Amino acid sequence: MTQGKFITLEGIDGAGKSTQLAWIIELLQRAGLQTVVTREPGGTLLGEQLRALLLDKSIAMHAETEALLMFAARREHLDKVILPSLAQGQWVISDRFTDASFAYQGGGRGLDSEKLAILEHWTQGTLQPDLTLYFDVPVDVGQQRVSQIKVSDRFEQEQTDFFQRVRAAYLTRAKQFPDRIKQIDSSQSLSEVKIAVEQVLQHLLHDE
Ligand code: TYD
């Protein structure tokens, strides 16, 4: 059976990736593909419990503990959801993956990216997403959108300079891995972003 493809969505909080997720699923299903939608941290029973701890504002933790928990959840996610689904020919779409660790724990919290690369290699070997859509938005726009939506979690309560570093780290990674990470200007109108998403996905669909 042909392996499915692995697509990940990234961006600072409020970049609008959740809104585009529904559109991506629609496009893939229209193309006759079977999809599995999941998220990080989370996606498994244990992963969702780790997510609850990681997002809980009342729980303080060392930046390295935070990184280790993110990768622990990811290890479980790969084992229980991502790898088996790909092997069954399903297309897996994950709302965030390892680029988020480099952006948030690396850029935001200032952890050494070499340490994160060790965890990356330990957790996933050489596996990388086939495509990463990075939704780029200026920090003030992202923050405005978040504050309109809901009560902030442990990450969303961070200050502007934290998100500036997260965004800068995402931009650096997009430059570092231009074949895999496709940057989408998420400050455009919703319909413009949808068109950009469709164009990027068409490339992957035509590679089939
Ligand atoms: P998010 O995906 O934005 O979910 P929601 O839309 O429900 O708020 O929340 C997950 C948070 O976890 C987000 O602020 C980024 C953070 N995160 C990391 O810091 N490192 C990681 O490796 C991952 C996967 C997420």
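Preceding this paragraph is the structure being described.
Residues numbered from 1 in each chain as written. Predicted model: local features only at pLDDT ≥ 70, side-chain atom pairs only at ≥ 80, totals over all residues. Heavy atoms only, no water.

1. Thoughts on helix α4 (residues 98-108)
Most of α4 is tucked away: 11 of the 11 residues are buried. Of all the residues in α4, the buried ones are Thr98, Asp99, Ala100, Ser101, Phe102, Ala103, Tyr104, Gln105, Gly106, Gly107 and Gly108. The inward-facing, buried residues of α4 contact β1 (6-11), α3 (63-87), α5 (113-124), β4 (131-136), α7 (160-176) and β5 (181-185). Looking one or two residues past α4, Gly110 carries a phi angle of roughly 85°, positive in sign. (Buried < 20%, exposed > 50% of the residue type's maximum accessible area, 1.4 Å probe, protein only. Helix = DSSP H or I, 4+ residues; strand = E, 2+ residues; numbered from the N terminus. Contact = heavy atoms within 4.5 Å.)

2. What about the nonpolar core?
In terms of nonpolar packing, the biggest core is built from 40 residues, with Ile7, Tyr104 and Leu133 touching the most fellow members. Dropping the residues within four chain positions of it, Tyr104 is found in contact with Gly11, Ile12, Asp13, Arg96, Arg109, Phe155, Phe162, Phe163, Val166 and Tyr170. Counting residues in hydrophobic clusters, the runner-up holds eight residues, among them Val36, Leu78, Ile82 and Leu86. (Core = buried A, V, L, I, M, F, W, Y, C linked by side-chain atoms within 4.5 Å.)

3. Some points on the pattern of salt bridges
Taken as a whole, this structure holds 16 salt bridges when the rule is applied. Here Arg173 and Asp99 are joined by a salt bridge, their closest N and O atoms 2.7 Å apart. Linking Arg173 in helix α7 with Asp99 in helix α4, this pair joins segments that are 74 residues apart in sequence. In this pair, the class of Arg173 matches that of Asp99, namely buried. Residues joined by salt bridges that share partners form a network here, namely Glu66, Arg109, Arg154 and Glu158. (Salt bridge = Lys/Arg side-chain N within 4 Å of Asp/Glu carboxyl O.)

4. So, empty space enclosed by the protein
It is the rolling of a water-molecule-sized probe over the atoms that shows where space remains empty. The final tally for this structure, using the stated rule, is one cavity of 30 Å³ or more. Of the volumes computed, that of the largest cavity is approximately 30 Å³. If you go around the largest cavity, the residues you meet are Glu10, Asp99, Thr132, Tyr134, Tyr170, Arg173, Ala174 and Ile181. At the level of secondary structure, the elements contributing two or more residues to the lining of the largest cavity comprise β4 and α7. The greatest single-element share of the lining of the largest cavity, amounting to three residues, is contributed by α7. (1 Å grid on protein atoms, 1.4 Å probe; cavity = no way out; pocket = protein on both sides within 12 Å on 5 of 7 lines; lining within 4 Å. Points joined across faces, edges and corners; volume = space filled by probe spheres on them.)

5. A few points about the site of the ligand
Near the ligand you find 17 residues, and of these Asp13, Arg96, Ser101, Gln105 and Lys150 are the closest. Contact distances for the ligand include 2.6 Å between an oxygen atom and a side-chain N or O atom of Ser101. The separation between a nitrogen atom of the ligand and a polar side-chain atom of Gln105 is 2.8 Å. In isolation the ligand has 560 Å² of accessible area, and contact with the protein removes 90% of it. When atom positions are compared with the pocket grids, the ligand is found to occupy the largest pocket. (Near = heavy atom within 4 Å. Polar contact = N/O pair within 3.5 Å; in protein donor to acceptor, adjacent residues only side chain to side chain. Areas by Shrake-Rupley, 256 points an atom, 1.4 Å probe, with all protein chains shown as cover. Sits in = over half its atoms within 2 Å of the grid points.)

6. Some words on the packing of aromatic side chains
Inspection of the entire model under this criterion finds six aromatic pairs. With centroids separated by 6.4 Å and ring planes inclined at 85°, the aromatic side chains of Tyr104 and Tyr170 adopt a geometry described as edge-to-face. Of this pair, Tyr104 sits in helix α4 while Tyr170 sits in helix α7, and the two are 66 residues apart along the sequence. By relative accessible area, which is 5% here, Tyr104 ends up buried. Residue Tyr170 is classed as buried on the basis of its relative accessible area, which comes to 2%. Relative to Phe163, the ring of Phe162 lies with its centre 5.2 Å away and its plane at 90°, an arrangement referred to as edge-to-face. The ring of Phe102 is capped by Arg173, whose NZ or CZ atom sits 3.8 Å from the centre of that ring. A cation sits over an aromatic face here: Lys194 above Trp23, 4.5 Å from the ring centre. (Phe/Tyr/Trp six-rings, centres within 6.5 Å; stacked < 30°, edge-to-face > 60°. Lys NZ or Arg CZ within 6 Å of the ring centre and 35° of its normal.)

7. Side note on the sheet that holds β1
With respect to topology, five strands assemble into an open sheet ordered β2-β3-β1-β4-β5, the strand pairing being parallel. The sheet is open, and its two edges are formed by β2 (35-39) and β5, each paired on a single side. In this sheet, adjacent strand axes meet at a mean angle of 20° when their direction is disregarded. Bridge count for β1 against β4 is five bridges, and the pairing is parallel. Bridged to Glu10 within β4 is Tyr134. (Pairing = 2+ DSSP bridges. Axes fitted to C-alpha atoms, helices over the stretch in contact; angles between N-to-C directions.)

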